[in-house]
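# Per-entry structural report
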Amino acid sequence: MSNLLQTPIEYLKGVGPNRGELLRKELGIHKYEDLIQLYPNRYIDRTRYYKINELQNNPAEVQLIGKIINIKTVEQKRGKRLVATFTDETGQMELVWFQGHKWIRESLKLNVPIVIFGRCTSFNGFFNMAHPEIELLNEHEQSLRSAMQPVYPSTETLTNRGISNRVVNKLMQQLFQETQDLFSETLPHYLIDELKLISKKAALFNIHFPKSPDALAKAQFRLKFEELFFIQLQLITKNLIRKQKIKGHPFTIVGDYFNTFFQNHLPFKLTNAQKRVLKEIRNDMGNPAQMNRLLQGDVGSGKTIVAFMSMLLALDNGFQSCLMAPTEILANQHFLGLSELAKSLDINIKILTGSTKTSERKIIHEGLENGSLHIIIGTHALLEDKVKFKNLGLAIIDEQHRFGVEQRSKLWKKNEIPPHVLVMTATPIPRTLAMSLYGDLDISVIDELPPGRKPIQTVHRFDSDRLKVWKFIRDEIAKGRQIYIVYPLIQESEKMDFKDLMDGYESISRDFPLPQYAISILHGKMKPADKDAEMKRFAEGKTNIMVATTVIEVGVNIPNASVMIIESAERFGLSQLHQLRGRVGRGAEQSYCILMTSHKLSSDSKTRMETMCRTNDGFEIAEVDLKLRGPGDLMGTQQSGVLNLRIADIVRDKDILLLARHHAVKLLKEDAPMQKPEHAALRLAFIELTKKKNIWNYIS
Ligand code: ADP
Ligand code: MG
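In this text, all values refer to a predicted model and were calculated from it rather than measured experimentally. (Residues numbered from 1 in each chain as written. Chains lettered and ligands numbered in written order. Predicted model: local features only at pLDDT ≥ 70, side-chain atom pairs only at ≥ 80, totals over all residues. Heavy atoms only, no water.)

This part covers the overall build of the protein. The number of helices and strands found in the protein is 24 helices and 21 strands. With the principal axes as the frame, the protein shows a C-alpha extent of 95 × 70 × 45 Å. For the protein, the proportion of its 700 residues judged to be buried stands at 52%. Each charge class in the protein was averaged separately, 95 positive and 80 negative side chains, and the resulting centres sit 1 Å apart. (Helix = DSSP H or I, 4+ residues; strand = E, 2+ residues; numbered from the N terminus. Buried < 20%, exposed > 50% of the residue type's maximum accessible area, 1.4 Å probe, protein only. Lys, Arg positive; Asp, Glu negative; His and termini not counted. Charge placed at Lys NZ, Arg CZ, Asp CG, Glu CD.)

In terms of strand pairing, strand β11 (residues 349-352) meets strand β12 (residues 375-378) through four bridges, oriented parallel. Paired with I351 across the strands is I377, a residue of β12. Crossover connection from β11 via helix α14 (residues 358-370) to parallel β12: handedness right-handed. (Pairing = 2+ DSSP bridges. Right-handed = clockwise from strand over helix to strand, strands pointing away.)

Below, the discussion takes up the site of ligand 1. Taken together, 16 residues lie near ligand 1, and K269, G300, K303, T304 and R453 sit nearest. Taking G300, its main chain carries an N or O atom lying 2.6 Å from an oxygen atom of ligand 1. Residue S301 places a main-chain N or O atom 3.5 Å away from an oxygen atom belonging to ligand 1. With the chains in place, 78% of the 570 Å² that ligand 1 exposes on its own is no longer accessible. A class-by-class count of the residues in the shell around ligand 1 yields four nonpolar, seven polar and five charged. (Near = heavy atom within 4 Å. Polar contact = N/O pair within 3.5 Å; in protein donor to acceptor, adjacent residues only side chain to side chain. Areas by Shrake-Rupley, 256 points an atom, 1.4 Å probe, with all protein chains shown as cover. Nonpolar A, V, L, I, M, F, W, Y, C, P; charged D, E, K, R; others polar.)

Bringing the environment of E89 into the picture now. With respect to the helices and strands, E89 occurs in the loop between β3 (80-88) and β4 (91-97). Spatially, the C-alpha atom of E89 lies 48 Å from that of D655, the residues being 566 residues apart in sequence. At 2.9 Å, the side chain of E89 and the side chain of K51 are in polar contact.

Bringing the sheet that holds strand β19 (residues 545-548) into the picture now. With respect to topology, six strands assemble into an open sheet ordered β16-β21-β20-β17-β19-β18, the strand pairing being parallel. Whereas interior strands pair on both sides, the edge strands pair on one side only; in this sheet they are β16 (457-462) and β18 (519-522). Strand after strand, the sheet turns through a mean of 20 degrees between neighbouring axes, direction not considered. This element, helix α20 (residues 574-581), spans β16, β17 (482-486), β20 (561-566) and β21 (592-597) of the sheet and lies at about 155 degrees to β20. (Axes fitted to C-alpha atoms, helices over the stretch in contact; angles between N-to-C directions. Contact = heavy atoms within 4.5 Å.)

What follows is about the confidence of the model for the protein. Averaged over all residues, the pLDDT of the protein is 87; the fraction at 70 or higher stands at 91%. In this model, residues 635-641 is a region of pLDDT below 50 whose contacts with residues beyond four sequence positions or in other chains number 16 contacts. Long-range and interchain partners of residues 693-700, a stretch whose pLDDT sits below 50, account for 23 contacts in this model, where long-range means more than four residues apart. (pLDDT = per-residue confidence, 0-100.)

Ordered by their spatial adjacency, seven strands build an open sheet running β11-β12-β10-β13-β14-β9-β15, and the pairing between neighbours is parallel. Single-partner strands in this sheet number two, and they are β11 and β15 (442-446). Across the sheet, the axes of successive neighbouring strands diverge by a mean angle of 20 degrees, strand direction being ignored. Relative to β15, strand β9 (residues 292-297) is paired through five bridges, and the arrangement is parallel. Considered in β15, the bridge of R293 is made with D442. Strand contacts of α14: β10 (320-324), β11 and β12, with the helix running at about 125 degrees to β11, the strand carrying the most contacts.

Before going further, it helps to examine the environment of H663. Tracing the chain through its elements places H663 in helix α23 (residues 654-671). Since its relative accessible area comes to 5%, H663 is described here as buried. Put simply, H663 and L233 are 430 residues apart on the chain and 9.1 Å apart in space, counted from C-alpha to C-alpha. Ignoring anything within four residues of it in the chain, the contact list for H663 reads L191, E194, L195, F225 and F229.

Moving on: the nonpolar core. L187, F225, F229, L233, I376 and L682 are the most contacted members of the largest nonpolar core, which totals 50 residues. In terms of residues, this core owes the most to one element, helix α9 (residues 213-245), which gives eight residues. The residues touching F225, leaving out its near neighbours within four places in the chain, are L187, L191, L195, L197, I656, L659, A660 and H663. V277, F308, I349 and I396 belong to the second largest nonpolar core, which has 41 residues in total. (Core = buried A, V, L, I, M, F, W, Y, C linked by side-chain atoms within 4.5 Å.)

Here the focus is the side chain of S321. Assignment of secondary structure puts S321 in strand β10. On the basis of relative accessibility, which here comes to 0%, the residue S321 falls in the buried class. Ignoring anything within four residues of it in the chain, the contact list for S321 reads M311, A314, H374, I375, I376, L392 and L394.

Each assigned domain of the protein is listed with its residue range as follows: domain 1 (47-143), domain 2 (256-446) and domain 3 (457-615). Averaged C-alpha coordinates put domain 2 and domain 3 at centres separated by 30 Å. Summed over both sides, the interface between domain 2 and domain 3 buries roughly 1100 Å², with carbon and sulfur atoms accounting for 57% of that surface. Summed over the shared surface of domain 2 and domain 3, the number is zero salt bridges. (Domains from an automatic or database assignment. Buried area = accessible area lost by both parts, 1.4 Å probe. Salt bridge = Lys/Arg side-chain N within 4 Å of Asp/Glu carboxyl O.)

On to the packing of α9 against α23. Packing of α9 against α23 leaves a shortest axis separation of 8 Å and a crossing angle of 45 degrees. On the basis of their axis angle, the class for α9 and α23 is oblique. Where α9 crosses over α23, the two elements pack in a sense that is right-handed. Contacts between α9 and α23 involve F221, K224, F225, L228, F229, Q232, L233, I236, T237 and L240 from the first element and I656, L657, L659, A660, R661, H663, A664, V665, L667 and L668 from the second. Among the residues forming the contact of α9 with α23, the class breakdown is 15 nonpolar, three polar and two charged. (Parallel < 35°, antiparallel > 145°, perpendicular 65-115°, else oblique. Left-handed = near helix turned anticlockwise from the far one by under 90°.)

Moving on to the state of the cysteines. The final tally for this structure, using the stated rule, is zero disulfides. Note on C613: no disulfide assigned, nearest cysteine sulfur contributed by C593 at a separation of 7.9 Å. Residue C613 is classed as partly exposed on the basis of its relative accessible area, which comes to 32%. (Disulfide = S-S within 2.5 Å.)

Turning our eyes to something else, we now look at the pattern of salt bridges. For side chains bearing opposite charge, pairing can occur when the charged atoms are close. For the structure on display, the rule yields 29 salt bridges. One salt bridge in this structure joins E589 and R481, with 3.6 Å as the shortest N-O distance. Taken together, the residues E589 in the loop between α20 and β21 and R481 in the loop between α17 (466-478) and β17 connect sequence positions 108 residues apart. With its nearest N and O atoms 3.2 Å apart, the salt bridge here joins R652 to D649. Given the relative accessible area of 65%, R652 is considered exposed. Each of E10, E21, R24 and K25 takes part in salt bridges that share partners, so that together they form one network.

Structure, rendered in structure tokens:
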């Protein structure tokens, strides 16, 4: 990039210190090149000129050619307004100003051809346009400003301080006149040819001053591709570098622990997906480079056994493992599950959480430090400085959305050579999002459920159907099944939620009275010990119904619970609904999920209910979720670069993303350090981007 493009923005003609300060503060524009990359949010089609007698059915923004024949000030109850009569060969209309009269009145010229632009409204069959944009026809024709008029991102402060869209547009013109010869190509020529891209220069020009919708589309495609391509280059390079540079313990041995378990104690036949994933993990851990793998598998797909067998590999090679879960309930459950799997092996497993007693804690700390403790399961408590491992070889993190990146990297730092890392998530992430969020991680997917599962039947019922739903519950309980009834999350401030839950609990207690029925309750305000006790009662079948908030959302495994009722289901997001539903369908019985809502539903809510009733496939649900909410609202995206994209949108531009990924992989396969002459410009641009770092600091 040329030096001129690095010029501070206030030096641009028309900017100066005051506007420069505003542009910096409001839009983060510091230099010339930042302004060039201020891409319009949308465009207004100004290829078309309307006549006054055509305005009838055009409420949107329109432009007309004509002239002003008369200007007057009209006194009103509330201040004055300025009214001009505008005419073309088909009729007359009024232009109106409520503010800035003096300045406007001085600038308006009578009886010269002008172009006006704005939003029309009609009053008594007479059209008027408030605060129109006005330009002399001959200037309009000469203007660099194009037919498709860009609308730039702005802020209230900018508008109030006189930096209107029009001003930004003028600045952009000025900038182009000064600098357009400096825009050099960044992409290799063979790629430009192959994808029939327009040049960088043409793209920048047409994104700001498109002469036609077609030119605009080409410019958008080129710039979106470039943006996504560079992100993919970054992510993939990062992965390659990590594999070369970040040392890991090579687990070369498949030994007694693994083999004994595999041959004698496997509780079921592994699914093909489980086998494949296990192989991927074994391959990774066999290398002297750190594994950094994301394991995605829908609820119930059987991630636990994969985690356990990976831990056995660590053990076979003389290393400790840890498994970190986001909640105490989950940590407990993992502890029970893994202890069960390990019961016939000689393995020392313990659990460490916030409520672990001091005396026990001491024993654990010692065991970890002297190596006699092989596997530790826990919550955030594992991250405390006091916890030191003799030789941590594998760190498994369950449900990674809930852990911040910083917390995760804390685990790495516990040893000189970092442990292999396996992040498990039951929230399926659409492929495009995964690529952009975790493109530098390796991804394994368990895309197959263990055999013999009956798909959960999901129905949507209205509050008015409650009697029928209650009858259904009674029938299921009579068959020996257990029921979850879930209420929306309790947040500290949301007293209403708590009231809903408690009201619900009371009325359920009335409808399902003791001694025939026993009911558990579980919510976030309970003490951990009480929660555990309540959970245990339900798990042991001592209660029939569990009334709960979303604290039961992740991981809880009670095979005899076969009905999930979600109250106010419209208040949950799709991925949460899917997670909750995953609490049932874990045993041999037919399971059901009933989504209860009121009759009043937004169209998004309807789509969510329909999607849930239609499919059990977490990936399909995740795709719909991404479409409905956009990446900004999905967990995990906040810290990522997905939101910092200037022009591309990973939902709408999915195909371009896939294309960019494909070409980035191909390019780096052939020329990873980008040393070939045809990649010289690319390399320069790449280095420039890496220096900025703004997008890339989200993964440790
Ligand atoms: P998740 O991926 O949600 O953590 P789990 O590991 O808890 O799933 O497994 C869900 C249930 O399926 C458990 O009861 C587990 O024992 C069982 N399971 C896992 N893999 C298999 C398999 N290959 N065949 C039969 N049952 C399996
Ligand atoms: Mg699990």
